[in-house]
Amino acid sequence: VQTHLTGKDRELFIIGKTIYARDGFCSTCHQPDGGGLSASGFPPLVGTPWVLGNEDRLIKITLNGIYGPMEVNGKEYPGQVPMTPFQGMLNDEEIAAVLTYVRNAFGNKAATISPDKVKAVRESTKNKTGFYSPEELLKEHPME
């Protein structure tokens, strides 16, 4: 697997790549190359602060999903199809792995995400029900 990451970060990246590619998981909507599917309303994961920016915001999206119109890389997405919440399907290490992968694949380069960070965000949002809206997340974590 080609990556600039080493050691434990590389191990997370490799696990994350496998999770990303699972049927019905990330690649189904965001595509194997992270480019998304504009026609279906699925935004790209490449070069966007939604992925490369605030870690808490990205972890929250992954845990609870996101629903509603949003702008990604200057393009409006109607957000009519909610993103799957993975909090019940993936443990802290698996979420850290797939987010480390997404933040460091497709030409992206950003800090890795630790299982401890995912655990902390999961704990702090345990009473959150339903999807996040883009507005709610941007209020908590303004775009970089």
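Preceding block: the structure.
What you see is a predicted model, and the numbers here were worked out from it, not measured in a lab. (Residues numbered from 1 in each chain as written. Predicted model: local features only at pLDDT ≥ 70, side-chain atom pairs only at ≥ 80, totals over all residues. Heavy atoms only, no water.)

Topic: the overall build of the protein
Stage number 1. Helix and strand content of the protein: 7 helices and 2 strands.
Stage number 2. The N-to-C order of helical and strand elements in the protein reads α-α-α-α-β-β-α-α-α.
Stage number 3. What you see for the protein is a C-alpha radius of gyration of 14 Å, in line with the 15 Å of a compact globule of 144 residues.
Stage number 4. For the protein, the C-alpha atoms occupy an extent of roughly 40 × 35 × 30 Å along the three principal directions.
Stage number 5. The 144 residues of the protein split such that 42% are buried.
Stage number 6. Of the contacts made within the protein by residues no fewer than 6 positions apart, 62% connect residues no fewer than 24 positions apart.
Stage number 7. Charged side chains in the protein number 15 positive and 17 negative. The centres of these two groups are separated by 2 Å. (Helix = DSSP H or I, 4+ residues; strand = E, 2+ residues; numbered from the N terminus. Rg over C-alpha atoms; globule rule 2.2 N^0.38 Å. Buried < 20%, exposed > 50% of the residue type's maximum accessible area, 1.4 Å probe, protein only. Contact = heavy atoms within 4.5 Å. Lys, Arg positive; Asp, Glu negative; His and termini not counted. Charge placed at Lys NZ, Arg CZ, Asp CG, Glu CD.)

A short note on the layout of surface pockets
Stage number 1. For the largest pocket, the calculated volume is near 540 Å³.
Stage number 2. Along the wall of the largest pocket there are 32 residues; nearest its centre are His-30, Leu-45, Ile-61, Ile-66 and Met-83.
Stage number 3. If you list the elements that add at least two residues to the lining of the largest pocket, you get helix H2 (26-30), helix H3 (49-52), helix H4 (55-64), strand E1 (70-72) and helix H5 (92-103).
Stage number 4. For the lining of the largest pocket, the per-class residue count stands at 24 nonpolar, 8 polar and no charged. (1 Å grid on protein atoms, 1.4 Å probe; cavity = no way out; pocket = protein on both sides within 12 Å on 5 of 7 lines; lining within 4 Å. Points joined across faces, edges and corners; volume = space filled by probe spheres on them. Nonpolar A, V, L, I, M, F, W, Y, C, P; charged D, E, K, R; others polar.)

Some remarks on the side chain of Asn-104
Stage number 1. Mapped onto the elements, Asn-104 comes out in the loop between H5 and helix H6 (115-124).
Stage number 2. The class of Asn-104 is buried, set by a relative accessible area of 6%.
Stage number 3. A polar contact is formed between the side chain of Asn-104 and the backbone oxygen of Ala-110, at a distance of 3.0 Å.
Stage number 4. Sequence-distant contacts of Asn-104, that is, excluding residues within four places in its chain, are made with His-4, Leu-5, Phe-13, Lys-109, Ala-110, Ala-111 and Thr-112. (Polar contact = N/O pair within 3.5 Å; in protein donor to acceptor, adjacent residues only side chain to side chain.)

Describing the packing of aromatic side chains
Stage number 1. Taken as a whole and assessed by the stated rule, the structure comprises 6 aromatic pairs.
Stage number 2. Residues Tyr-20 and Tyr-101 carry aromatic rings whose centres are separated by 5.4 Å and whose planes lie at 55 degrees to one another, so their mutual orientation is tilted. On the criterion of sequence distance, the pair formed by Tyr-20 in helix H1 (residues 7-21) and Tyr-101 in helix H5 is long-range, its members being 81 residues apart. For the pair Tyr-20 and Tyr-101, one class covers both residues: buried.
Stage number 3. Centroid distance Tyr-20 to Phe-106: 5.5 Å. Interplanar angle 50 degrees. Geometry classified as tilted. Remark: Phe-106 occurs in the loop between H5 and H6 and Tyr-20 occurs in helix H1; sequence separation between them is 86 residues.
Stage number 4. Here the aromatic residues Phe-13, Tyr-20, Tyr-101 and Phe-106 are joined through ring pairs into a cluster of three or more.
Stage number 5. The residue whose ring lies beneath Lys-75 is Tyr-77, and the NZ or CZ to ring-centre distance is 5.1 Å. (Phe/Tyr/Trp six-rings, centres within 6.5 Å; stacked < 30°, edge-to-face > 60°. Lys NZ or Arg CZ within 6 Å of the ring centre and 35° of its normal.)

Section: the packing of H4 against H6
Stage number 1. Viewed as axis vectors pointing N to C, H4 and H6 meet at an angle of 70 degrees, and their least axial separation amounts to 10 Å. Here H4 lies roughly perpendicular to H6, going by the angle between them. Considering how the two elements wind past one another, H4 and H6 form a crossing that is right-handed. When H4 is examined against H6, the residues Glu-55, Asp-56, Ile-59, Lys-60 and Leu-63 are found in contact with a partner set consisting of Lys-117, Val-118, Val-121 and Arg-122.
Stage number 2. Each residue belonging to the contact of H4 with H6 can be placed in one class, and the counts come to 4 nonpolar, no polar and 5 charged. (Axes fitted to C-alpha atoms, helices over the stretch in contact; angles between N-to-C directions. Parallel < 35°, antiparallel > 145°, perpendicular 65-115°, else oblique. Left-handed = near helix turned anticlockwise from the far one by under 90°.)

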